[in-house]
Amino acid sequence: MQADLLIENARQVVTSRGGANPLIKDDLGRIEIIENGAVAVGGGRILAVGTTAEVRAKVTVTPATRRMDAAGQIALPGLVDAHTHLVFAGSRENELDLKLKGVPYLEILAQGGGILSTVRATRAADREELVGIGRKYARQMLAQGTTTAEVKSGYGLTVADELKQLEAVRDLASQSALDLVPTFMGAHAFPPEYKNDPEKFVDLLVTEMIPAVARQGLAEYCDVFCEKGVFSVEQSRRILQAGLAAGLKPKIHAEEIECLGGAELASELGAASADHLLMISDAGIRKMADAGVVAVLLPATTFYLREDHYAPARKMIEAGVPVALASDFNPGSCPNNNLQFVMTVACLYLRMTPAEVINAVTINAAHAVGRADRVGSLEEGKQADIVLFDAPSYQYLPYRLGSNLVTTVIKQGKVVVEN
Ligand code: NIG
Ligand code: FE
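Owing to the predicted nature of the structure, the values given are computational and were not obtained by experimental measurement.

## Details of the overall build of the protein chain
Then, number 1: Of the regular secondary structure elements, the protein chain holds 16 helices and 16 strands.
Then, number 2: Considered along the principal axes of its C-alpha atoms, the protein chain spans approximately 70 × 45 × 45 Å.
Then, number 3: Within the protein chain, the proportion of its 419 residues that are buried is 61%.
Then, number 4: Counting contacts in the protein chain only where the partners sit at least 6 residues apart, residues at least 24 apart contribute 73% of the total.
Then, number 5: Accessible surface, the protein chain: about 15400 Å² in total, of which carbon and sulfur atoms supply 49%.
Then, number 6: Side chains of the protein chain give 41 positive and 50 negative charges; the mean places of these two sets differ by 2 Å.

Laid out in structure tokens, this is it:
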């Protein structure tokens, strides 16, 4: 086996090796650490992982092999951000003052701001503009170690604007090293035109938007903001079932501000994930564990919304719910797209251990977006998505609050970031 690239002498190689299923319970906190580790890459895939001596013995190194000395650094699988809204126009820093005056997130939305102000900006932008803005964020994310990201629509809320947003995601994916997983989220808010007849908007989602998105192959998942004052459990069921019928796998924003039973709905429908879950009930936790629905926790959002109650991560982990972490990057409730920061908040406020948070942003996150067969761990045969961090140990990542420790990002065997 001839190596195109050989990363050697890493202080630690963290493999995040899992299995066919996401890591649960105590397994979430187990990580394989290879001291003085190496990773060999060929043809965009991982050829070997092990100690530097083992890997050198396994692969053929030629003058054409690029050798990378990772002394003093650690190597991880490329991080997977399983929940983002990364393609949008405009920004909402104006809401910071309102927030500090105590105006709640849903109140800003009810007044026509919040998500709806981003909807206005996104409707006004054409596809190329959205791609340009998205490219900037995608570059930031890659530079911070994210190599795969799920992206939701939901700032268009008309047939044409939702399609435009998803087409922008498709175009961005073809131009960026960041792998994108597209999700249709037309059920993100009720647009002002349907304020007085919300059921009509649900009809539009079910009879026009979902079929059009599916016909054009623009999304893999369908998501709904199931929340008080937004989409009810009944409306969410109808939308997600229509998505399923069209071949879009369900995801759901559930139990973020109030507990409505979105976790139970996710379990009933066999959703790929239920996300947020701050207010999840014990019954919801049991159902998700039984159904194997991944909980995608977004603690940087809780932090930014200044909520005092975080998702009960420890309870979920003990109950056997597979837990992943993501940024929720969006212009309103979480303008952060650095998963290293999310890891810190998860340690401090979800009381997850450094080992657990690393598995939660790699292999379990890959499971949440249906990519665990390709990415999320450093294993022979997988896509060579590898990140080097300037860190002496894996615990150092969540420890260095707010820092970007990435030195090098390798995507499908190619060096795409070098700091
Ligand atoms: O996941 N909760 C709904 N959607 C996003 C926020 C989107 C926005 O505020 O623009 C979220 O937090
Ligand atoms: Fe979200």
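## What to know about the site of ligand 1
Then, number 1: With respect to spatial proximity, 15 residues lie near ligand 1, and among them Tyr105, Tyr155, His188, Asp328 and Ser333 are the closest.
Then, number 2: The contact in question runs from an oxygen atom of ligand 1 to an N or O atom on the side chain of His276, over 3.0 Å.
Then, number 3: When the residues that make up the shell around ligand 1 are grouped by side-chain class, the tally is 4 nonpolar, 8 polar and 3 charged.

## Observations concerning the coordination of the iron ion (ligand 2)
Tetrahedral coordination by four donors places them ideally at 109.5 degrees to one another around the metal; octahedral coordination by six donors ideally gives 90 or 180 degrees.
Then, number 1: Donor atoms from the polypeptide that coordinate the iron ion (ligand 2) comprise His83 (NE2), His85 (NE2), His253 (NE2) and Asp328 (OD), at 2.1 to 2.3 Å from the metal.
Then, number 2: Sequence positions of the donors to the iron ion (ligand 2) reduce to the motif H-x1-H-x167-H-x74-D. On the criterion of sequence distance, the pair formed by His83 in the loop between strand S6 (79-81) and helix H2 (95-100) and Asp328 in the loop between strand S13 (323-325) and helix H13 (339-349) is long-range, its members being 245 residues apart.

## Considering helix H4 (residues 115-124)
Then, number 1: Every buried residue belonging to H4 is among Ile115, Leu116, Thr118, Val119 and Thr122, and all of these are buried. Projected onto a plane normal to the axis of H4, the buried residues spread over an arc of 150° and lie on a single side.
Then, number 2: In the core, the buried residues of H4 are packed alongside helix H3 (105-110), helix H5 (127-143) and helix H6 (159-175).

## Regarding the nonpolar core
Then, number 1: Counting residues in hydrophobic clusters, the biggest one holds 129 residues, and the most contacted among them are Leu86 and Met352.
Then, number 2: Leave out the neighbours within four places in its chain, and Met352 touches Leu28, Ala313, Arg314, Ile317, Val323, Leu325, Ala346, Cys347, Val357 and Ala360.

## Here we look at the pattern of salt bridges
Side chains bearing opposite charge may pair, as long as their charged atoms lie close to each other.
Then, number 1: All chains considered together, the criterion is met by 25 salt bridges.
Then, number 2: Among the ionic pairs, Glu380 bridges to Lys58, the shortest N-O distance being 3.4 Å. Residue Glu380 is found in the loop between helix H15 (363-368) and strand S14 (386-389), and its partner Lys58 is found in helix H1 (residues 52-58); the two are separated by 322 residues along the sequence.
Then, number 3: Note that Arg127 is salt-bridged to Asp171, the shortest N-O span being 3.0 Å. Of this pair, Arg127 sits in helix H5 while Asp171 sits in helix H6; the two residues are 44 residues apart in sequence, bridging distant segments of the chain.
Then, number 4: Each of Arg127, Glu167, Arg170 and Asp171 takes part in salt bridges that share partners, so that together they form one network.

## Some remarks on the pairing of strand S12 (residues 294-297)
Then, number 1: Where burial is concerned, the two faces of S12 agree: the one with Val294 and Val296 and the one with Ala295 and Leu297 are both buried.
Then, number 2: Bridge count for strand S11 (residues 273-276) against S12 is 3 bridges, and the pairing is parallel. Each bridged residue has a counterpart across the sheet, and for Ala274 the counterpart in S12 is Ala295.
Then, number 3: Once the chain exits S11 it traverses helix H10 (residues 282-291) before rejoining the sheet at S12, and the crossover so formed is right-handed.

## Notes on the environment of Pro211
Then, number 1: Checked against the element boundaries, Pro211 lands in helix H7 (residues 198-215).
Then, number 2: Discounting residues that sit within four places of it in the chain, Pro211 has contacts with Leu205 and Val206.

## Thoughts on the side chain of His188
Then, number 1: You can see His188 is positioned in the loop between strand S8 (179-187) and H7.
Then, number 2: The exposure class of His188 is buried, given its relative accessible area of 4%.
Then, number 3: Ignoring any residue separated from it by four or fewer positions in sequence, one finds His188 in contact with His85, Ile115, Ser153, Gly154, Tyr155, Leu157, Phe225, Val230 and Phe231.

## Describing a nonpolar patch on the surface
Then, number 1: Residues Phe303, Leu348 and Tyr349 make up a contiguous nonpolar surface patch of roughly 320 Å² in combined accessible area.
Then, number 2: Mapped onto the fold, Leu348 is located in helix H13.
Then, number 3: A residue is classified by how much of its surface remains accessible, and Leu348, at 55% relative accessible area, is exposed.

## With respect to the side chain of Thr147
Then, number 1: Following the sequence through the fold, Thr147 ends up in strand S7 (residues 146-152).
Then, number 2: Setting aside residues no more than four positions away along its own chain, Thr147 makes contact with Gly78, Leu79, Leu142, Ala177, Leu178, Asp179, Asp385, Val409, Ile410 and Lys411.

## So, the packing of aromatic side chains
Then, number 1: Applying the stated rule across the entire model yields 12 aromatic pairs.
Then, number 2: Taking 5.6 Å as the distance between ring centres and 75° as the angle between the ring planes, the aromatic pair formed by Phe303 and Phe341 counts as edge-to-face. Taken together, the positions of Phe303 in helix H11 (residues 299-304) and Phe341 in helix H13 put the pair 38 residues apart, joining distant regions of the chain.
Then, number 3: Accessibility expressed as a relative area gives 38% for Phe303, which makes it partly exposed.
Then, number 4: The rings of Phe88, Tyr137, Tyr155 and Phe329 are connected pair by pair, giving a single aromatic cluster.
Then, number 5: Lying over the aromatic face of Tyr304, Lys99 brings its terminal NZ or CZ to 3.7 Å of the ring centre.
Then, number 6: The side chain of Lys251 reaches across the aromatic face of Tyr221, ending 5.0 Å from its centre.

## Topic: the sheet that holds S8
Then, number 1: Spatially, 8 strands are ordered S6-S7-S8-S9-S10-S11-S12-S13 in an open sheet, and the strand pairing comes out parallel. With one partner strand each, in any of the chains shown, S6 and S13 form the two edges of the open sheet. Taken over all neighbouring pairs, the strand axes of this sheet differ in orientation by 25° on average, direction set aside.
Then, number 2: Bridging between strand S9 (residues 221-224) and strand S10 (residues 249-254) involves 2 bridges; their strand directions are parallel.

What counts, and at which threshold
- Counting restarts for each chain: residues are numbered from 1 in the order of the written sequence.
- The lettering of chains begins at A and the numbering of ligands begins at 1, in the order of writing.
- Note on the predicted model: pLDDT of at least 70 is required for a residue's local features to be given, and 80 or more for side-chain atom pairs to be given and counted; whole-chain, interface and lining totals, by contrast, use all residues.
- The basis for the side-chain values is all heavy atoms of the structure; hydrogens and waters are excluded.
- Numbering of helices and strands starts at the N terminus; helices are DSSP runs of H or I of at least 4 residues and strands are runs of E of at least 2.
- Note on exposure labels: buried denotes an accessible area under 20% of the residue type's maximum, exposed denotes more than 50%, and partly exposed covers the range between, all computed with a 1.4 Å probe on protein chains only.
- Contacts are residue-level and defined by heavy atoms, with any inter-residue pair within 4.5 Å sufficient.
- Only the protein chains shown count as covering a residue, and every accessible area follows the Shrake-Rupley method with a 1.4 Å probe.
- By the counting scheme adopted, Arg and Lys are positive, Glu and Asp are negative, and His together with the chain ends is not counted.
- Charge coordinates come from a single atom per side chain, which is NZ of Lys, CZ of Arg, CG of Asp or CD of Glu.
- Near is defined per residue: the residue qualifies when any heavy atom it owns lies within 4 Å of the molecule or strand.
- Under this definition, polar contacts are N or O atom pairs within 3.5 Å; protein pairs additionally need one hydrogen-donor-capable and one acceptor-capable atom, and for neighbouring residues in sequence, both atoms have to be side-chain atoms.
- For this classification, Asp, Glu, Lys and Arg are treated as charged, while Ala, Val, Leu, Ile, Met, Phe, Trp, Tyr, Cys and Pro are nonpolar and the rest, including Gly, are polar.
- For Na, K and Ca the donor cut-off is 3.2 Å; for every other metal, N, O and S atoms count as donors within 2.8 Å. Water does not enter the count, which can leave sites looking incomplete.
- In this description, one arc is meant: the one made by directions from the helix axis to the C-beta atoms.
- Buried residues of nine kinds, namely Ala, Val, Leu, Ile, Met, Phe, Trp, Tyr and Cys, make up a nonpolar core once their side-chain atoms join them within 4.5 Å.
- We define a salt bridge as a contact between a side-chain nitrogen of Lys or Arg and a carboxyl oxygen of Asp or Glu at a distance within 4 Å.
- Strand pairing is assigned whenever DSSP identifies at least 2 bridges connecting the two strands.
- Orienting the strands away from the viewer, one traces the path from the first strand over the helix to the second; a clockwise path indicates a right-handed crossover.
- Patch building starts from residues that exceed 30% relative accessible area and form no salt bridge, then joins like charges within 9 Å and nonpolar side chains (Val, Leu, Ile, Met, Phe, Trp, Tyr) within 5 Å.
- Two aromatic rings, drawn from Phe, Tyr or Trp (for Trp, its six-membered ring), form a pair once their centres lie within 6.5 Å of each other, and the interplanar angle then sorts them: stacked below 30 degrees, edge-to-face above 60, tilted otherwise.
- Only when the NZ of Lys or the CZ of Arg is both within 6 Å of the ring centre and within 35 degrees of the ring normal is a charge said to sit over the ring.
- The axes used here are C-alpha line fits, helices contributing only the stretch in contact, and every angle between their N-to-C directions lies in the interval 0 to 180 degrees.

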